[in-house]
Amino acid sequence: MADLDARLDGKVALVTGGSRGIGLGIAKACANAGAKVMITSRKAEACEAACKEIGAETGGTAIYEAGHTGKAEDAERVIGATIEKLGGLDILVNNAATNPYAGPTIDVDLPRWEKTLQVNLTAPLLWTQLAWRAAMKESGGSVINISSVGGLSTNPILGVYDITKAALIHMTKQLAAELGPKVRVNAIAPGLVKTDFAKALWEGGKGDEVAKAYPLGRLGEPEDIAAAAVYLAADTGRWMTGQTLVLDGGGLIAFNKVG
Ligand SMILES: NC(=O)c1ccc[n+]([C@@H]2O[C@H](COP(=O)([O-])OP(=O)(O)OC[C@H]3O[C@@H](n4cnc5c(N)ncnc54)[C@H](OP(=O)(O)O)[C@@H]3O)[C@@H](O)[C@H]2O)c1
């Protein structure tokens, strides 16, 4: 019988936006499952603190290389450092994202439109290209793109962000079709998760209404997403590619949809 444990022993995982929130949760879970982990975000100090936290909580290896995911030279440097210092690259989690604009899509200014596209869509493509060329084309691997339930619907103020997340779901399918059988590419679409990124949507009791509308009765925590990421990265996800796992407490199928 196949091994059903989601283990990552001997694997190397790179998590963008791994210094806090969902990315940190995924990095911890990968380390806990036996992977050596590289995290990256723009702020070196935050990455350093996160690595200490991962090491203390899991006993695993976590190192960092700071960088901006939207900058090609940073992407090359971080991927190069991962392979040089950890000996390979088996799992790429494209998690970092931005949301600089809130309002109707019809009114967005081009600089903020382009920035959202750069970080949320161009960067996952670029990082996947580099990972493929530098390691995964030869040794195989798993790419996990963090999308959003927003990418499956419309929203009065988050339309620009949601468009990039919808495109990321399609890019997941396209790259999965191109990179199989060596590399599996999947996405996760979280509902509202209690992180800094989404604070405006849940702080000060605002999340209570959303949580009540979710059939599972609560907002998400980074660990909820991390568990699925490890499933996808490990051999447990071996026959899955091009798909998007929705993890939203049942929000999408709720009778009274909120958000
Ligand atoms: N929270 C939610 O409710 C929710 C729901 C659906 C989807 N998501 C998605 O989940 C992912 C993680 O979100 P989160 O809620 O965990 O956010 P978060 O707590 O704000 O963390 C974001 C992480 O990304 C890093 N980051 C941001 N911009 C970056 C850039 N240009 N280059 C490199 N690193 C960058 C941040 O560190 P630095 O500031 O140091 O760069 C941080 O480590 C995102 O893709 C988001 O769209 C979140």
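Procedures and definitions
Residues numbered from 1 in each chain as written. Predicted model: local features only at pLDDT ≥ 70, side-chain atom pairs only at ≥ 80, totals over all residues. Heavy atoms only, no water. Salt bridge = Lys/Arg side-chain N within 4 Å of Asp/Glu carboxyl O. Helix = DSSP H or I, 4+ residues; strand = E, 2+ residues; numbered from the N terminus. Buried < 20%, exposed > 50% of the residue type's maximum accessible area, 1.4 Å probe, protein only. Near = heavy atom within 4 Å. Polar contact = N/O pair within 3.5 Å; in protein donor to acceptor, adjacent residues only side chain to side chain. Areas by Shrake-Rupley, 256 points an atom, 1.4 Å probe, with all protein chains shown as cover. Nonpolar A, V, L, I, M, F, W, Y, C, P; charged D, E, K, R; others polar. Pairing = 2+ DSSP bridges. Axes fitted to C-alpha atoms, helices over the stretch in contact; angles between N-to-C directions. Contact = heavy atoms within 4.5 Å. Expected span 1.5 Å × (residues − 1).

**Q** Outline the pattern of salt bridges, listing residues and values.
**A** Evaluated as defined, the whole model comprises 12 salt bridges. Notably, a salt bridge pairs D196 with R20, separated by 3.6 Å at the nearest N-O pair. Of the two residues, D196 is situated in the loop between β6 (183-190) and α6 (199-202) and R20 in the loop between β1 (12-16) and α1 (21-32); the sequence distance between them amounts to 176 residues. When its relative accessible area of 45% is taken as the criterion, D196 is described as partly exposed. Residue R77 is joined to E65 by a salt bridge in which the shortest nitrogen-to-oxygen separation is 2.8 Å. With R77 in helix α3 (residues 72-86) and E65 in the loop between β3 (62-64) and α3, this residue pair connects regions lying 12 residues apart in the sequence.

**Q** Tell me about the site of the ligand, and name the residues and values.
**A** In the neighbourhood of the ligand, 29 residues make up the surrounding shell, with S19, R42, N95, Y161 and T195 lying closest. At a separation of 2.7 Å, an oxygen atom of the ligand approaches a polar side-chain atom of R42. Here an oxygen atom of the ligand and a side-chain polar atom of T195 are 2.4 Å apart. Protein chains bury 97% of the 890 Å² of accessible surface belonging to the ligand in isolation. Counting residues per element, the ones that place at least two in the shell around the ligand are α1 and α5 (159-179). Classifying every residue of the shell around the ligand gives 11 nonpolar, 13 polar and five charged.

**Q** Describe the sheet that holds β3, naming the residues involved and giving the relevant values.
**A** Taken in spatial order, the seven strands of this open sheet run β3-β2-β1-β4-β5-β6-β7, and their pairing is parallel. Edge positions in the open sheet fall to β3 and β7 (244-247), since each of these has one partner strand only. Averaged over all adjacent pairs, the angle separating strand axes in this sheet is 20°, with direction ignored. Where α5 meets the sheet, it contacts β5 (141-146), β6 and β7, and its direction lies at approximately 160° from that of β6. Here helix α8 (residues 222-233) sits on the sheet and contacts β4 (91-94), β5, β6 and β7; the angle it forms with β6, its principal contact strand, is near 165°.

**Q** Residues and numbers for the environment of G21, please.
**A** Looking at where G21 falls in the secondary structure, it is placed in helix α1. Among all residues touching G21, those that are not within four sequence positions of it are T195 and P222.

**Q** Any chance you could break down unusual backbone geometry for me, citing the residues and the numbers?
**A** Note the cis peptide between G180 and P181, where omega equals 0°. Positionally, P181 belongs in the loop between α5 and β6.

**Q** Give me α8: which residues, what numbers.
**A** Compared with an ideal rise of 1.5 Å per residue, which puts 12 residues at 16 Å, α8 spans 16 Å between its outermost C-alpha atoms and is within 8% of the ideal. Among all positions in α8, only P222, I225, A226, A228, A229, V230, L232 and A233 are buried.

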